[in-house]
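Working through the structure, step by step
Spelled out from the first residue to the last, the chains are:
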Amino acid sequence: MALFSSLTPVFIAIICVLIGVILKKTNGEKEKHETKRKPLSRPWVDEDLKDDTDHHLEEEEADEEWQGLDENVAHVPFFVERYSEAEMIKRSQMFYELLNKRRSVRFLSDEPVPREVIDNVIRTAGTSPSGAHTEPWTFVVVQDPYLKHKIREIVEEEEEINYKKRMGDRWVNDLKRLRTNWIKEYLDTAPYLILIFKQVYGQLPNGKKKTHYYNEISVSIACGILLAALQNAGLYTVTSTPLNCGPQLRVLLQRPANEKLLLLLPVGYPKKDATVPALTRKPLEDIMVVM
């Protein structure tokens, strides 16, 4: 009994140590699990893509609310004009030289631009390929001065928060050489603002939804074609991705809940005293791999 009594404190100490180790391990596993669940900080991801109007295609909804595309599409012969090799080289070189003059211009004149030109460049963007030919884009053209100024107010309010809080020091420092900030005068001065929305799903006449496959990639391709069309017409812009402005701009422009803002383009002529950063582009050997 005396021996047992003398060993009791030792047993209690060992038990306490074991309990401590178990609790520490449990808490460690919990923290590790929470760390895994905690999303990475990515301030460059627009919250509009995750706002409360997001719609996710659920398998159980497919038969009730969703409808497939018409299978009965006629196929017709395809004829194309073919150029000589010399003509191909000439045309490709000329097109490269044209687009190599494209610059992001933040100082835009209020000089009027023919509306027909805007119609044509958006028609051109609408020729873009899309997943299953769903054409999941909406191009909202704003020319009304009041609406343009409201857009500027929304964008500048959010952009000031972005620069001061959301974006972080690294991103803000990387932009210093471009001399950008949250003041967006071009949203007032440019004769047109083109806001490109991606449709996360389509709406059929019978009220059912249709899936828009690869909608963001499809709309992004259309935006690239639009930029080329603007350059071809002698107009300039700056690609603006108004971080966290999408929901407010969607409401202002009365767009439906299935549309998400992807890009905002102020469009016009450069001011006479406009400046751009003296940047260079990567040479061909840095961007192309031939195998």
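A brief look at the structure comes next. (Residues numbered from 1 in each chain as written. Predicted model: local features only at pLDDT ≥ 70, side-chain atom pairs only at ≥ 80, totals over all residues. Heavy atoms only, no water.)

What follows concerns the sheet that holds strand β2 (residues 192–199). The three strands are arranged β1-β2-β5 in an open sheet whose pairing can be described as antiparallel. Two strands close off the open sheet at either side, each with one partner strand: β1 (137–142) and β5 (259–267). Across the sheet, the axes of successive neighbouring strands diverge by a mean angle of 20°, strand direction being ignored. Of the pairings in the sheet, the one linking β2 to β5 comprises eight bridges and is antiparallel in character. If you follow Y192 over to β5, its bridge partner there is V267. (Pairing = 2+ DSSP bridges. Helix = DSSP H or I, 4+ residues; strand = E, 2+ residues; numbered from the N terminus. Axes fitted to C-alpha atoms, helices over the stretch in contact; angles between N-to-C directions.)

Time to look at the side chain of S240. For S240, the location among the structural elements is in the loop between α8 (215–232) and α9 (246–252). Not counting residues within four places of it along the chain, the set of residues in contact with S240 comprises Y186, L263 and L264. (Contact = heavy atoms within 4.5 Å.)

Next up on the list: the packing of helix α3 (residues 85–99) against α8. Look at α3 against α8: their axes get within 9 Å of each other, and the N-to-C directions meet at 90°. Classified by the angle their axes make, α3 and α8 are roughly perpendicular. Here α3 contributes F95, L98 and L99 to the contact with α8, which in turn contributes A228, Q231 and N232. (Parallel < 35°, antiparallel > 145°, perpendicular 65-115°, else oblique.)

With that out of the way, let us pick up the pairing of β1. Taken across its six residues, β1 has five buried, putting it largely inside the fold. Sheet analysis places β1 next to β2, joined by six bridges and oriented antiparallel. Each bridged residue has a counterpart across the sheet, and for F139 the counterpart in β2 is I196. (Buried < 20%, exposed > 50% of the residue type's maximum accessible area, 1.4 Å probe, protein only.)

On to the packing of aromatic side chains, then. Taken as a whole and judged by the stated rule, the model has zero aromatic pairs. When the ring centre of Y201 is taken as reference, the NZ or CZ atom of K209 above it lies at 5.0 Å. (Phe/Tyr/Trp six-rings, centres within 6.5 Å; stacked < 30°, edge-to-face > 60°. Lys NZ or Arg CZ within 6 Å of the ring centre and 35° of its normal.)

Another point: helix α4 (residues 115–125). Considered for burial, the residues of α4 that qualify are I118, V121, I122 and A125. An end-on view of α4 places all buried positions within 100° of arc, on one side of the element. Facing away from the buried surface of α4 by more than 90 degrees, the exposed residues are E116 and R123. (Arc of directions from axis to C-beta.)

The next point concerns the nonpolar core. Residues I118, F139, I194, I196, L226, L265 and V267 are the most contacted members of the largest nonpolar core, which totals 22 residues. Those elements that provide at least two residues to this core are α4, β1, β2, α8 and β5. A total of seven residues in this core trace back to one element, the largest contributor, which is α8. Dropping the residues within four chain positions of it, I118 is found in contact with V113, V141, Y192, I194, L235 and V267. Among the nonpolar cores identified, the runner-up in size contains 20 residues, and I151, L187, L193 and C245 belong to it. (Core = buried A, V, L, I, M, F, W, Y, C linked by side-chain atoms within 4.5 Å.)

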